[in-house]
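Topology and contacts: notes
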Amino acid sequence: MLPFVADLPPLEKERIACSISSAVKYEVPANIVLAVAEKEDGKPGQWVRNTNGTHDVGPMQFNTAYLRELERYGITANDVAAAGCYSFDLAAWRLRMHLRHDKGDIWTRAANYHSRTPQFNAIYRADLMKKAAKWADWIEARFVTLDVTKEGATPSTPAMKAEAAATAPAAPAAQPAPPRAARTAAYVPRQITFTSSNE
């Protein structure tokens, strides 16, 4: 288990570790996977019936409508309902498809995980952005990250951030920090990078 989740309850450990692992595996911003996992808040074995006859299943509340596409690979709702990282992998795979192929900004595309219906998407999107900003701060404090939108960007590490904060001049007391909403709108999703000890 990853050391940064050692003191968390078991389901929370699984949610964080599996979300990060799946985000890296499917090249989806980790803060978005973590935000979706928190927002869905499913449990292993959980089935929630929807008004359209489908079910949201397991830890990531994966909709059974998407399983029709996956049946040819032998993936069933019981697989998605089980404990472990498999449901997180499927959710990250689905998020990747939305982020790459859907229309709209990154948050609208990510909120398509919940619904493409504009009114439901907008509600989910607003809360997803808040949760993703919180998780971005959490990730930045614990991992090496890379701004994938900047060519030639160098990885930032928690130690580098702490050193920069310690050596930076103090901000004038008259200027408060920007409100969370302003930071969310400007935030660029970052990916976690892992390097082997041989590099």
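The rules behind each value
- Residues numbered from 1 in each chain as written.
- Predicted model: local features only at pLDDT ≥ 70, side-chain atom pairs only at ≥ 80, totals over all residues.
- Heavy atoms only, no water.
- Disulfide = S-S within 2.5 Å.
- Helix = DSSP H or I, 4+ residues; strand = E, 2+ residues; numbered from the N terminus.
- Buried < 20%, exposed > 50% of the residue type's maximum accessible area, 1.4 Å probe, protein only.

Under the defined criterion, the tally for this structure stands at one disulfide. For Cys 18, the disulfide goes to Cys 85, at an S-S distance of 1.9 Å. Disulfide Cys 18-Cys 85: the torsion about the S-S bond is -75°, which places it as left-handed. A residue pair is termed long-range when its members are at least 10 positions apart, and Cys 18 in helix H1 (residues 10–26) and Cys 85 in the loop between helix H4 (77–81) and helix H5 (86–101) qualify at 67 residues.

With that settled, consider unusual backbone geometry. Glycine aside, residues mostly have negative phi angles, and peptide bonds mostly take the trans form. One non-glycine residue with positive phi stands out, namely Asp 41, at about 50°. With respect to the helices, strands and loops of the structure, Asp 41 is situated in the loop between helix H2 (30–40) and strand S1 (47–49). Its relative accessible area of 38% is what places Asp 41 among the partly exposed residues. In this model, Gln 61 sits at a positive phi of 50°, which is unusual for a non-glycine residue. Among the structural elements, Gln 61 can be located in the loop between strand S2 (55–57) and strand S3 (62–63). Exposure remark for Gln 61: the relative accessible area of 7% places this residue in the buried category.

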